[in-house]
2 protein chains.
Amino acid sequence: MKAKPLIEHFETYLPFEEAEISLIESRISRRKLKRREYIMTTGDICRHYTFVVKGVLRLYGIDPTGKEHNILFAAENDWIADITSFHDTKPGKSNIQTIEPSEIIQIAQQDLYHLYINIPKLDRIFKVITEEKYVELQNRVFQNISSTAQQRYSYFYEKYPHLASRLPNTQIASYLGITPEFLSMIRKEIILGK
Amino acid sequence: MKAKPLIEHFETYLPFEEAEISLIESRISRRKLKRREYIMTTGDICRHYTFVVKGVLRLYGIDPTGKEHNILFAAENDWIADITSFHDTKPGKSNIQTIEPSEIIQIAQQDLYHLYINIPKLDRIFKVITEEKYVELQNRVFQNISSTAQQRYSYFYEKYPHLASRLPNTQIASYLGITPEFLSMIRKEIILGK
DNA sequence: TTTTACCCTTAAACTAGTTTAAGAAATTAA
DNA sequence: TTAATTTCTTAAACTAGTTTAAGGGTAAAA
């Protein structure tokens, strides 16, 4: 059953019946991606919610000078989408790309709306998921406005050890809002026990 | 009807019937607050979702050195709550305080859960509200990691002109993650057309 | 109406983070 | 297995933002 990892994810929130599972199964697609493959680039309309079965993806924006900035990472059992673009069905500003070879499950807009109508508890589940993600982002904003780069790195390292050890430092630096050079310095200082 | 501003807010998402409105009316409380009054301080459990009828409130955190950092503002027709604390019914780290004399509508945890069960579309509405707020926060994170303080100030000024003109600069500086002194410099440079 | 508290500004010295450049180490492709 | 590319590191010169301190303006409280 291709939907299995997704159902297991949903069932960490609420239980599902067979009929519901079959309906979900019929409305998703699952596929494999190579390293550095894109599922969305600037100007595309984001037409899917993407659930990560295996691997890591990043969502990044590009500033007026052309530099990339990582807005979020999504690894196993996490979601990724350009919500603004998805919601309004209009061209988005983001890019979504694999960092490792990955496997994903996607739900298209129409299918998701169909599922919301037929399985109302999905409204509840996505409400809770979005609240959880909102809280994470709020913590990140607090870090950004209140901490030094070193503190932000330590926080990231403690909170997402599986990501911190898995991602190239350039990607982490981009996420933290600093240069890779400065991250290198920070890491040296942390090792020296500063 | 004390719930009127709240119902009008909900009806920007979906229509409501009389019975539903009465149920909501019976499950909320409305009150007035003085300037600088707190509805939550660090260590409290956040037991309400608060809707702002009139005025402005801020939610702020305190860093290890004791400094305050504004995480968000909420003015008319906006929501404010320490979601982490509310969700898990555990002591929160935030403080929520009025900046101006304000009027609010509050929904207590139990009442909100009761409303979710009896009016399922509220799950849908709060899902959408949370998604909207998530997107706003994501844009703010992008600003924080990709822009200078001057660009962040300009963005804030354009996106929230009603707040920018209404709030003391010290509060705006705290929200932007810079010192009031540096904000003062930035404003001078902007006026000089830099 | 006077005082107090708050809010904003300016400027000089300082610190955190960036940029540029060059080379070493690790991965990936051929 | 080697070549090519990406990633990481170090260091010096630079720029963005903070700190400290002092003073002026304005709103609120007594």
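In this text, all values refer to a predicted model and were calculated from it rather than measured experimentally.

## Structural notes on the protein's contact with DNA strand C
Next, step 1: Around DNA strand C lies a shell of 17 residues, among which Ala149 and Thr179 of chain A together with Arg36, Asn169 and Thr170 of chain B are the nearest.
Next, step 2: When the atoms of DNA strand C within 4 Å of the protein are sorted by group, sugar and phosphate make up 81%.
Next, step 3: Ala149 of chain A places a main-chain nitrogen or oxygen 3.1 Å from a phosphate oxygen of DNA strand C.
Next, step 4: Take Thr170 of chain B: an N or O atom from its main chain is 3.0 Å from a phosphate oxygen of DNA strand C.
Next, step 5: Elements supplying a minimum of two residues to the surface near DNA strand C: helix 9 (180-191) of chain A together with helix 8 (169-176) and helix 9 (180-191) of chain B.
Next, step 6: The leading source of residues in the surface near DNA strand C is helix 9 of chain B, at three residues.

## Quick notes on the UniProt feature "domain: Cyclic nucleotide-binding" (unreviewed entry) in chain A
Next, step 1: The UniProt record annotates "domain: Cyclic nucleotide-binding" (unreviewed entry) at residues 12-115 of chain A.
Next, step 2: Along residues 12-115 of chain A, the helical share is 21% and the strand share 39%, with 18 Å between the first and last C-alpha atoms.

## Details of helix 4 (residues 109-118) of chain B
Next, step 1: Among the residues of helix 4 of chain B, Gln109, Asp111, Leu112, Leu115 and Tyr116 of chain B are the ones counted as buried. Each buried residue of helix 4 of chain B sits inside an arc of 165 degrees when the element is viewed along its axis, so together they form one side. Facing away from the buried side of helix 4 of chain B by more than 90 degrees, the exposed set consists of Gln110 and Ile117 of chain B.
Next, step 2: Against the buried residues of helix 4 of chain B lie helix 5 (121-146) of chain A together with helix 2 (18-26), strand 3 (48-54), helix 3 (83-88), strand 8 (102-108) and helix 5 (121-146) of chain B.

## Details of the environment of Ile28 of chain B
Next, step 1: Residue position: Ile28 of chain B is located in the loop between helix 2 and strand 1 (29-33).
Next, step 2: Not counting chain neighbours up to four residues away, the residues in contact with Ile28 of chain B comprise Lys2, Ala3, Leu6, Ile105, Gln106 and Ile107 of chain B.

## Structural notes on the protein's contact with DNA strand D
Next, step 1: In the region of DNA strand D, 16 residues are neighbours, and Arg36, Asn169 and Thr170 of chain A together with Ala149 and Thr179 of chain B sit closest.
Next, step 2: Counting only atoms of DNA strand D within 4 Å of the protein, the fraction found in sugar and phosphate groups is 80%.
Next, step 3: Take Arg36 of chain A: an N or O atom from its side chain is 3.0 Å from a phosphate oxygen of DNA strand D.
Next, step 4: At 3.2 Å from a phosphate oxygen of DNA strand D is found a main-chain nitrogen or oxygen belonging to Thr179 of chain B.
Next, step 5: Taken together, the elements giving at least two residues each to the surface near DNA strand D come down to helix 8 (169-176) and helix 9 of chain A together with helix 9 of chain B.
Next, step 6: The element best represented in the surface near DNA strand D is helix 9 of chain A, accounting for four residues.
Next, step 7: Its residues assigned to classes, the surface near DNA strand D shows four nonpolar, six polar and six charged.

## Focus: the side chain of His69 of chain A
Next, step 1: Among the secondary structure elements, His69 of chain A is positioned in strand 5 (residues 68-74).
Next, step 2: At 3.5 Å, the side chain of His69 of chain A forms a polar contact with the backbone oxygen of Ile145 of chain B.
Next, step 3: The contact partners of His69 of chain A, leaving out residues within four places of it in the chain, are Leu59, Tyr60, Gly61, Asp63 and Ser174 of chain A together with Phe142, Ile145 and Ser146 of chain B.

## Focus on the packing of aromatic side chains
Next, step 1: Going through the model one piece at a time under the given rule, you end up with 34 aromatic pairs over all chains.
Next, step 2: Each ring, one from Phe10 of chain B and one from Phe16 of chain B, has its centre 5.8 Å from the other, and the planes form 20 degrees; the classification is stacked. Taken individually, Phe10 of chain B and Phe16 of chain B each receive the classification buried, so the pair is uniform in this respect.
Next, step 3: Taken together, a centroid distance of 6.5 Å and an interplanar angle of 65 degrees make the contact between Tyr38 of chain B and Tyr60 of chain B edge-to-face. Here the residue Tyr38 of chain B occupies a position in strand 2 (residues 38-40), and Tyr60 of chain B occupies one in strand 4 (residues 57-62), the gap between them amounting to 22 residues.
Next, step 4: With relative accessibility at 3%, the residue Tyr60 of chain B sits in the buried group.
Next, step 5: When the ring centre of Tyr116 of chain B is taken as reference, the NZ or CZ atom of Lys127 of chain A above it lies at 3.3 Å.

## What to know about the packing of helix 6 (residues 149-159) of chain A against helix 8 of chain A
All names here are of chain A.
Next, step 1: Taken N-terminus to C-terminus, the directions of helix 6 and helix 8 make an angle of 115 degrees; their axes are 11 Å apart at the nearest point. When the axes of helix 6 and helix 8 are compared, the crossing they make is right-handed. Contacts between helix 6 and helix 8 pair Arg152, Tyr153 and Phe156 from the former with Ile172, Tyr175 and Leu176 from the latter.
Next, step 2: Here the residues of the contact of helix 6 with helix 8 are counted per class, giving five nonpolar, no polar and one charged.

## Notes on the sheet that holds strand 6 (residues 79-80) of chain A
All names here are of chain A.
Next, step 1: With antiparallel pairing, the four strands of this open sheet are ordered in space as 1-8-3-6. The open sheet has two edge strands, strand 1 (29-33) and strand 6, and neither has a second partner.
Next, step 2: By the bridge criterion, six bridges tie strand 3 (residues 48-54) to strand 8 (residues 102-108) in an arrangement that is antiparallel. Note on strand 8: the bridge partner recorded for Lys54 is Glu103.
Next, step 3: Against the sheet, helix 4 (residues 109-118) contacts strand 3 and strand 8, and its axis sits at roughly 65 degrees relative to strand 8.

Thresholds applied
Residues numbered from 1 in each chain as written. Chains lettered and ligands numbered in written order. Predicted model: local features only at pLDDT ≥ 70, side-chain atom pairs only at ≥ 80, totals over all residues. Heavy atoms only, no water. Near = heavy atom within 4 Å. Polar contact = N/O pair within 3.5 Å; in protein donor to acceptor, adjacent residues only side chain to side chain. Helix = DSSP H or I, 4+ residues; strand = E, 2+ residues; numbered from the N terminus. UniProt positions renumbered as here; feature names shortened; annotations may be inferred. Buried < 20%, exposed > 50% of the residue type's maximum accessible area, 1.4 Å probe, protein only. Arc of directions from axis to C-beta. Contact = heavy atoms within 4.5 Å. Nonpolar A, V, L, I, M, F, W, Y, C, P; charged D, E, K, R; others polar. Phe/Tyr/Trp six-rings, centres within 6.5 Å; stacked < 30°, edge-to-face > 60°. Lys NZ or Arg CZ within 6 Å of the ring centre and 35° of its normal. Axes fitted to C-alpha atoms, helices over the stretch in contact; angles between N-to-C directions. Left-handed = near helix turned anticlockwise from the far one by under 90°. Pairing = 2+ DSSP bridges.

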